[in-house]
Amino acid sequence: SSCIGGDYRPFIAAYAERSAAARARFAAPISPMSPTGPASRLDLAYGTAAAQRLDLFLPGSAAVPASPPPLLVFIHGGYWQELSKNESSFAAADALRQGFAFAALDYTLAPAATVAAMVAECAQALAWLHRHAEALGFDGARIVVAGSSAGAHLAAMCALRRDAGPVVKGAVLVSGIYELEPLVGTSINDALGLDAAAARAASPALADLQDLQGSPQAIVCWGAVETAEFKRQGREFAGQLQRAGTACRMFEVPGRNHFDVILDLVEPATMLGAATVALVRSC
């Protein structure tokens, strides 16, 4: 927020407004049969904890006449201690227009959960979606995970580590935090409670190349109006993925900041949106 004068609340308001509009627009429940129009299923439980919920949106059958659609899963940011799925469906309408299914995840926030526990919850949600893909109406073999800021960190930990398994076929990592140790000793860590060892263990940028080998294709990007540290971490993590043999596209989005770049996620007229659409379609 230091790059935009400190007030990020208008961007959070935009997330919430667009997400509420998507939930209202696609309020019809998903039918057990292929829906004829876009529809949603809200507050699906992927676990027993209160925050282990997700919202799912499917395109109409006319958008995907030949086969079940791929699924784009979004994990929100907020430094692991703010926001929810209720502000995270802003890209649903764009995704449905492209013929993609879209899901927004909730997870337990700090201080009620550790960062490691959040990673486990997000991985649990992805595994649940993979298991129930046929019943819910999307292609479980074509799941792409996306995240912004802390959500990009969680997406990276779920998708790009050796133990992630075959669930995720692509990752879109936007303005992410990939090395957590610089947060130790800052006010951000008051709720997280990370020590140096826990921070290193939760840092995908510090993973061995062997742990990154076989990772799914990825996009790593950030806005031009961001801090030098966000840009450094993005460049270095993308370089790690490329050295591990991962097909990774890295770029900076001109004119966008840490908070508004994610609004382009599936808008094909934008740099990020075009890249996301191409990645999902290639999976």
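Presented here is a report on the structure given in the accompanying data block. Please read all numbers here as calculations on a predicted model, not as lab measurements. (Residues numbered from 1 in each chain as written. Predicted model: local features only at pLDDT ≥ 70, side-chain atom pairs only at ≥ 80, totals over all residues. Heavy atoms only, no water.)

### Regarding the overall build of the chain
Quick note on the threshold: A run of DSSP states H or I qualifies as a helix once it reaches four residues; a run of E qualifies as a strand once it reaches two. Both are numbered from the N-terminal end. For the radius of gyration, the atom set is restricted to C-alpha positions; the globular benchmark scales as 2.2 Å times the number of residues to the power 0.38. Each residue is assigned to one of three classes by its accessible area relative to the maximum for its type, calculated with a 1.4 Å probe on protein chains only: buried under 20%, partly exposed between the two thresholds, exposed over 50%. Contacts are assigned to residue pairs that have any heavy atoms within 4.5 Å of one another. Here the open area of atoms and residues is found with the Shrake-Rupley method and a 1.4 Å probe, where only the protein chains shown may cover a residue.
Regarding its fold elements, the chain presents 10 helices and eight strands. Over its C-alpha atoms the chain spans a radius of gyration of 17 Å, differing by no more than 12% from the 19 Å that the globule rule assigns to 283 residues. Viewed in the frame of its principal axes, the chain has a C-alpha envelope of about 50 × 40 × 40 Å. Looking at the chain as a whole, 55% of its 283 residues qualify as buried. Long-range contacts, defined here as pairs at least 24 residues apart, represent 72% of the contacts in the chain between residues at least 6 apart. With an accessible surface of roughly 11200 Å², the chain has 54% of that area assigned to carbon and sulfur atoms.

### Here's the deal with the packing of aromatic side chains
The description of two aromatic rings rests on the distance between their centres and on the angle between their planes. Rule in force here: Stacked, tilted and edge-to-face are the three classes assigned to paired rings of Phe, Tyr and Trp, where Trp is represented by its six-membered ring and a pair needs centres within 6.5 Å; plane angles under 30 degrees give stacked, over 60 edge-to-face, the rest tilted.
One pass over the full model with this rule turns up seven aromatic pairs. Geometrically, the ring pair formed by Tyr15 and Phe90 is stacked, given 5.1 Å between the ring centres and 25° between the ring planes. Pair noted here: Tyr15 is in helix H1 (residues 9–25) and Phe90 is in the loop between strand S3 (71–75) and helix H2 (92–97), with a separation of 75 residues, a long-range link. There is no split in this pair, since Tyr15 and Phe90 are both buried. Note on Phe57 and Phe102: the rings are 6.4 Å apart at their centroids and 50° apart in plane angle, and the pair reads as tilted. Linking Phe57 in strand S2 (residues 53–58) with Phe102 in strand S4 (residues 101–105), this pair joins segments that are 45 residues apart in sequence. Residue classification places Phe57 among the buried residues on the basis of a relative accessible area of 0%.

### Structural notes on the sheet that holds S3
Applied cut-off: Following DSSP output, two strands are said to pair if at least two bridges run between them. Here, axes are lines fitted to C-alpha atoms. For helices the fit covers the stretch in contact, and angles between N-to-C directions go from 0 to 180 degrees.
Pairing in this open sheet of eight strands is mixed, and the strands run S1-S2-S4-S3-S5-S6-S7-S8 from one edge to the other. Strands with a single pairing partner mark the edges of an open sheet, and in this sheet they are strand S1 (39–45) and strand S8 (248–257). On average, each strand axis in the sheet is inclined to that of its neighbour by 20°, with strand direction left out of account. With four bridges connecting them, S2 and S4 associate as antiparallel partners. Bridging across to S4, Leu56 finds its partner in Ala103.

### Quick word on the nonpolar core
As a reminder of what qualifies: For our purposes a nonpolar core is just a set of buried Ala, Val, Leu, Ile, Met, Phe, Trp, Tyr and Cys residues, chained together by side-chain atoms within 4.5 Å.
Counting 62 residues, the largest nonpolar core has Leu56, Leu71, Trp80, Leu129, Phe138, Leu173 and Leu180 as the members making the most contacts within it. Apart from residues lying up to four places away in sequence, Phe138 is in contact with Leu56, Pro68, Pro69, Leu71, Ala101, Leu129, Ala133 and Ile143. Core analysis: the second largest hydrophobic core is formed by 36 residues, Ala92, Leu96, Val144 and Val261 among them.

### Topic: helix H10 (residues 271–282)
We apply this condition: By this rule, a helix spans an expected 1.5 Å times one less than how many residues it contains. Here a polar contact means two N or O atoms within 3.5 Å. Within protein one must be a hydrogen donor candidate and the other an acceptor candidate, and residues neighboring in sequence count only if both atoms are side-chain atoms.
When the terminal C-alpha atoms of H10 are compared, their 17 Å separation across 12 residues agrees well with the 16 Å that a helix rising 1.5 Å per residue should span. For H10, the set of buried residues is Leu272, Gly273, Ala275, Thr276, Val277, Leu279 and Val280. Close packing links the buried residues of H10 with S3, strand S5 (143–148), strand S6 (168–174), strand S7 (217–225) and S8. The N-terminus of H10 is capped by Thr270, whose side-chain oxygen sits 2.9 Å from the backbone nitrogen of Gly273.

### Comments concerning the pairing of S6
Within S6, six of the seven residues are buried, which leaves it mostly tucked inside the rest of the structure. Pairing geometry for S6 and S7, over five bridges, is parallel. When the bridges of S7 are listed, Leu173 appears paired with Val220.

### Things to note about the pattern of salt bridges
Basically, it comes down to this: By definition, a salt bridge exists where a carboxyl oxygen of Asp or Glu is found within 4 Å of a side-chain nitrogen of Lys or Arg.
The tally for this structure, following the rule as stated, stands at 11 salt bridges. Of the charged contacts, one joins Arg200 and Glu181 as a salt bridge, the two residues approaching to 3.2 Å between their closest N and O atoms. One end of the pair, Arg200, is in helix H7 (residues 196–201); the other, Glu181, is in the loop between S6 and helix H6 (189–192), and 19 residues separate them in sequence. What makes Glu181 partly exposed here is its relative accessible area of 28%. Put simply, Asp264 and Arg256 hold a salt bridge, and the shortest N to O gap is 2.6 Å.

### Re the side chain of Asp94
Structurally, Asp94 is set in helix H2. Here the side chain of Asp94 touches Arg97 through a polar contact of 2.3 Å, side chain to side chain. Apart from residues no more than four positions distant in its own chain, Asp94 is found in contact with Val266 and Glu267.

### Let's talk about the environment of Arg200
Residue classification places Arg200 among the partly exposed residues on the basis of a relative accessible area of 40%. Expressed as a C-alpha distance, the spacing of Arg200 and Asp211, which sit 11 residues apart in the sequence, is 14 Å. A distance of 3.2 Å separates polar atoms of two side chains, one belonging to Arg200 and the other to Glu181.

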